[in-house]
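Observations on chain architecture
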Amino acid sequence: MGAPLAVAVAIKGLGIVAAALAAAGAFTLPAPRWRAASALVAVTLTPVLVVSELWNTDQIRHLRDRPSQAAVAALLGLALVAGLATLFRRRPEAFPLLVVLTLPVRIPLATGVTSANLLVPLYVVVAGGVAAYALERLWRPGRALAWRERKPGAVELALLAFVVLYALQSLYSSDFEQAVKNAAFFYVPFALLLKLLTTVRWSRQLVVRCFGLAAALALVFVLIGFWEYATRQLLWNRKVIESNQFESYFRVNSLFFDPNIYGRFLAIVMIGLASTLLWARRRREVLIAGVALAVLWGGLILTFSQSSFAALLVGLMALAAVRWDVWRFRWPIAAAGLAALALAVAFNGVLHIGSHRSVNRSSSGRLKLVKGGLSMFADRPLWGFGAGAFAERFRAREKVGSPQAATASHTIPITVAAEQGLIGLAAYLAVVAAAFRLLFSGLGPLRGRSPPRRLVSRAFVAAAFAGLVFHTLLYAAFLEDPIAWTLLGVGIVLARGLDPPQAVK
């Protein structure tokens, strides 16, 4: 590594650590003005890191060669952020609605030899939200505040610790560039997203509107998926297009790049509709939720995403656990489990369940990725190979040449263990434990016939998060998915209490 390159890497390293610390400061600094300034530092550093990472890509090179176009694009971006900031200062409740609207929207961009699907619209919404939040505290701080800050709890602190640790462990990573991408594209902006979601004044009506918007989006996506299946044409993702030509089935991805991420989104919305069915108080609610569930189920089937089916099942099981006294049905549940195990053993000779090759093939090569990740963890159990290093180390150790061959182990705890060792694994487990403790605490009254609406919403968020975490054990993308941060943000607000209607402007 030459001296100029080493200096550039060092600057990037300091930048990503500074951005992570600034995002943490937006939660933890003692004075409101300090927190606002820290959020502004984080939201300013993040695009600088992103542009520096994409500096040699075709998209940025095109703008570099045309400075006038770059200036116009920058001005338009700033104008859009300023417009959103003005909107959010007057109507803060518009922020979560726009977050839900932009959650699924990904724009493919080349990042070196590979490509990434970046949530550019969501980044703009977050930037506008940070600007509105900061201006309210830095300009005329004595006026009545439209945003209400909450003292960070165990979930927020665990998430911030993970983000800062990830930034620090990027400094010795064998794939520093990937670590920068993950921190700049996902962890830092999503930490700011969590800050804003837990600062907005939420009402019961806003919660219902956000879920209604998510359900409407899911139905639109399913209709697009039905069109793809009927015409046998996908809108994008060449890998899936080529795979469909050689398989006996046809997978759809709607407007999502990956069928599994599409399936995950549908599963989460379906868990919310199922919670509506379980505690419906009017026949109309049952009818609407039932019809929507049937349509979304059809859409989910066409993804052929086994991980999404499993996530939906786990979410429904979590809802059942808080709706009924599961202990009363322990014997039927145990009998069903034993029957499933007996069937697996009986048909082992036919299905070759115990065959290493068949399991690896049926899991699309994920067993090999898991074994590779465990081997990496065994070599460096304490601190790992560094943040973001899994793909590069796996390819080098397994002598795989294609950059697309592996991006993660598809099992989040193993990816974390391989990259960050026991230190990072402890931070990850702290996040999961704190989240489950918060989301599922106090849901006992849900076993009644007419529980408070807030508890029903909490049950949905808890069950959806359980399904999402299970999905990450089969597919990956945990804190790289803004849906995880959004569920946690809404769960934190619901657990601590909504604002009274008269307090919401």
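Here the structure is a predicted model, which means the values were calculated and not measured.

Scanning the chain for helices and strands turns up 21 helices and two strands. Of all 505 residues assigned to the chain, the portion counted as buried reaches 49%. Across the chain, the fraction of contacts at a sequence separation of at least 24, relative to all contacts at a separation of at least 6, is 73%. Carbon and sulfur atoms make up 67% of the accessible area of the chain, which totals about 23,700 Å².

On to helix 8 (residues 176–197). Taking 1.5 Å of rise per residue, the 22 residues of helix 8 would be expected to cover 32 Å, and the 30 Å separating its terminal C-alpha atoms lies within 8% of that figure. Along helix 8, the largest kink reaches about 40° and is centred on Ala-183.

Across all of its chains, the model carries 19 aromatic pairs by this definition. For the pair Phe-436 and Phe-465, a centre-to-centre distance of 5.5 Å together with 65° between the ring planes defines the contact as edge-to-face. In this pair, Phe-436 sits in helix 19 (residues 412–440) while Phe-465 sits in helix 20 (residues 453–472), placing the two residues 29 residues apart along the sequence. Phe-436 sits in the partly exposed class, given a relative accessible area of 25%. According to the relative accessible area criterion, Phe-465 is buried, its value standing at 0%. Three or more aromatic residues link up through ring pairs in this structure, and these residues are Tyr-428, Phe-436, Phe-440, Phe-465 and Phe-478. Here the guanidinium or amino end of Lys-195 rests over the ring plane of Phe-27, the centre of that ring lying 5.5 Å away. If you follow Arg-232 out to its NZ or CZ, it ends over the ring of Tyr-229, 4.3 Å from the centre.

Contact geometry of helix 5 (residues 94–102) with helix 8 gives a least axis separation of 10 Å together with a crossing angle of 140°. When the axes of helix 5 and helix 8 are compared, the pair comes out oblique. Seen along the crossing, helix 5 lies across helix 8 with a hand that is left-handed. Each of Phe-95, Pro-96 and Val-99 in helix 5 lies in contact with helix 8, whose residues at this interface are Leu-193, Leu-196 and Leu-197.

Turning to the nonpolar core, a few remarks are in order. Core analysis: the largest hydrophobic core is formed by 140 residues, its most contacted members being Phe-95, Phe-162, Trp-202, Val-269, Phe-478 and Trp-485. At 14 residues, the largest contribution of residues to this core is made by helix 8. Sequence-distant contacts of Phe-162, that is, excluding residues within four places in its chain, are made with Tyr-187, Val-416, Gln-420, Gly-424, Ala-427, Tyr-428, Val-431 and Leu-479. Counting seven residues, the second-largest nonpolar core is a separate cluster that includes Leu-369, Met-376, Phe-390 and Phe-394.

Take unusual backbone geometry next. Although it is not a glycine, Arg-232 sits at a positive phi angle of roughly 55°. Turning to its location among the elements, Arg-232 is positioned in the loop between helix 9 (204–231) and helix 10 (238–246). Take Arg-232: its relative accessible area is 46%, and that puts it in the partly exposed class. One non-glycine residue, Ser-254, adopts positive backbone phi at about 50°.

A separate point is a nonpolar patch on the surface. A cluster of nonpolar side chains, contributed by Tyr-172, Leu-382, Trp-383, Leu-422 and Ile-423, occupies part of the molecular surface with about 470 Å² of accessible area. Within the secondary structure, Leu-382 is located in the loop between helix 17 (366–379) and helix 18 (390–398).

With that settled, consider the side chain of Ser-305. For Ser-305, the position within the fold is in the loop between helix 12 (283–301) and helix 13 (306–323). In this structure Ser-305 comes out as buried when scored by relative accessible area, which is 0%. Side chain to side chain, Ser-305 and Ser-308 meet in a polar contact 2.7 Å long. Those residues within four positions of Ser-305 in sequence are excluded, and the remaining contacts are Arg-251, Pro-259, Asn-260 and His-471.

The next subject is the environment of Lys-371. As for its position among the elements, Lys-371 is in helix 17. For Lys-371 and Ile-414, which are 43 residues apart along the polypeptide, the C-alpha to C-alpha distance reads 9.2 Å.

Moving on, we get to the packing of helix 2 (residues 32–53) against helix 6 (residues 120–138). Taken N-terminus to C-terminus, the directions of helix 2 and helix 6 make an angle of 150°; their axes are 9 Å apart at the nearest point. In terms of their interaxial angle, helix 2 and helix 6 are classed as roughly antiparallel. Crossing angle aside, the handedness with which helix 2 passes helix 6 is left-handed. Listed contacts from helix 6 to Pro-32, Arg-33, Arg-35, Ala-36, Ala-39, Leu-40 and Val-43 of helix 2 are Ala-127, Val-130, Tyr-133, Ala-134, Arg-137 and Leu-138. Its residues placed into classes, the contact of helix 2 with helix 6 shows ten nonpolar, no polar and three charged.

Next up on the list: the environment of Leu-135. With respect to the secondary-structure elements, Leu-135 resides in helix 6. Overall, Leu-135 belongs to the partly exposed group, its relative accessible area being 38%. Spatially, the C-alpha atoms of Leu-135 and Ala-85 are 8.7 Å apart, while their sequence positions differ by 50 residues.

On to the environment of Gly-372, then. If you trace the backbone, Gly-372 turns up in helix 17. As for Gly-372 and Glu-398, which are separated by 26 residues in sequence, their C-alpha atoms are 7.9 Å apart. Beyond its immediate sequence surroundings of up to four residues, Gly-372 is in contact with Phe-394 and Glu-398.

Conventions adopted
- Residues numbered from 1 in each chain as written.
- Predicted model: local features only at pLDDT ≥ 70, side-chain atom pairs only at ≥ 80, totals over all residues.
- Heavy atoms only, no water.
- Helix = DSSP H or I, 4+ residues; strand = E, 2+ residues; numbered from the N terminus.
- Buried < 20%, exposed > 50% of the residue type's maximum accessible area, 1.4 Å probe, protein only.
- Contact = heavy atoms within 4.5 Å.
- Areas by Shrake-Rupley, 256 points an atom, 1.4 Å probe, with all protein chains shown as cover.
- Expected span 1.5 Å × (residues − 1).
- Bend = angle between axes of the 7 residues up to and from the residue.
- Phe/Tyr/Trp six-rings, centres within 6.5 Å; stacked < 30°, edge-to-face > 60°.
- Lys NZ or Arg CZ within 6 Å of the ring centre and 35° of its normal.
- Axes fitted to C-alpha atoms, helices over the stretch in contact; angles between N-to-C directions.
- Parallel < 35°, antiparallel > 145°, perpendicular 65-115°, else oblique.
- Left-handed = near helix turned anticlockwise from the far one by under 90°.
- Core = buried A, V, L, I, M, F, W, Y, C linked by side-chain atoms within 4.5 Å.
- Patch = residues over 30% accessible without salt bridge, like charges linked within 9 Å, V, L, I, M, F, W, Y side chains within 5 Å.
- Salt bridge = Lys/Arg side-chain N within 4 Å of Asp/Glu carboxyl O.
- Polar contact = N/O pair within 3.5 Å; in protein donor to acceptor, adjacent residues only side chain to side chain.
- Nonpolar A, V, L, I, M, F, W, Y, C, P; charged D, E, K, R; others polar.

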